[in-house]
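Now for the letters of each chain:
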Amino acid sequence: ARENYVVPVPVNYPAPVLELENLKGEVESLEDYKGQVVLVNNWATWCPPCKAEMPTLAAYFNAHVDEGFMVIAIEAGDPRDRVAKFAKDFALPFKVWLDPRSEALNAFRNGSLPSSYVMDRNGVIRYAWTGEINREMLEKFVTPLLSE
């Protein structure tokens, strides 16, 4: 039987320097979000487990945004219009960045999709996930970081 959850791996390294455009064409960087807990999600519009976890990420984000939590969903290479349509169709409430040159995949040294990384308020990557995330794992691992 396929396990329906993926447990994150505890890690400890400084967040990579990463600057990409959001859907509006503005350049943002991970550095801009220091002081918040940030879940960086590398994904693609064509990836089934990526689509499957988006409602989970959106629900978790909406539940915790007031605690200084942000999701940055970095789309691996699709054209802006396709990504914008996906974000609209799925009513994504968080940041969506475009990664035409696979900079995020390279920065985190992981080409698998979806993959997610949790940055604490000090800019340190604390957890790494490869595969689809569920709500239980987010509450178990990410929620405690919000009160650090």
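It should be emphasised that the depicted structure is a prediction, and the values quoted were computed from it without experimental measurement.

Caption draft 1: Fine view of the pattern of salt bridges. Taken as a whole and judged by the stated rule, the model has eight salt bridges. The partner of Arg126 in a salt bridge is Asp120, and the shortest N-O contact between them spans 2.8 Å. Within this structure, Asp120, Arg126 and Glu148 form a network of salt bridges that share partners.

Caption draft 2: Summary view of the nonpolar core. One finds Leu39, Phe69, Phe94 and Trp129 to be the most contacted residues of the largest nonpolar core, which totals 47 residues. The set of elements that each furnish at least two residues to this core consists of strand S4 (37-43), helix H1 (48-64), strand S5 (69-75), helix H2 (80-89), strand S6 (95-98), strand S7 (115-119), strand S8 (124-130) and helix H4 (135-146). Other than its neighbours up to four places away in sequence, Leu39 contacts Leu57, Phe69, Met70, Val71, Ile72, Ser116, Tyr117, Val118, Trp129, Ile133 and Leu138.

Caption draft 3: Expanded view of unusual backbone geometry. The amide bond that connects Leu113 to the next residue, Pro114, takes the cis arrangement and shows omega of -10°. Relative to the elements of secondary structure, Pro114 occurs in the loop between helix H3 (103-107) and S7. The residue Ser102 is not glycine, and still its phi comes out positive at about 55°. By relative accessible area, Ser102 is classed as partly exposed at 29%. Look at Arg109: it is not a glycine, yet its phi comes out positive at around 50°. Tracing the sequence through the fold places Arg109 in the loop between H3 and S7. On the accessibility criterion, Arg109 (76% relative accessible area) is exposed.

Definitions and limits used
The numbering scheme is per chain: residues are counted from 1 as the chain's sequence reads. The predicted origin of the model limits local features to residues at a pLDDT of at least 70 and limits the giving and counting of side-chain atom pairs to 80 or more, whereas totals for whole chains, interfaces and linings rest on all residues. Water and hydrogen atoms play no part in the side-chain values, which are based on all heavy atoms of the structure. Salt bridges are identified by distance alone: a Lys or Arg side-chain nitrogen within 4 Å of an Asp or Glu carboxyl oxygen. Among buried residues, those of type Ala, Val, Leu, Ile, Met, Phe, Trp, Tyr and Cys that are joined through side-chain atoms within 4.5 Å constitute a nonpolar core. Each residue is placed in one exposure class: buried if its accessible area under a 1.4 Å probe, protein chains only, is under 20% of its type's maximum, exposed if it is over 50%, and partly exposed if it falls in between. Only DSSP runs of H or I covering at least 4 residues are called helices, and only runs of E covering at least 2 are called strands; the numbering of each starts at the N terminus. Any two residues whose heavy atoms approach within 4.5 Å are treated as being in contact.

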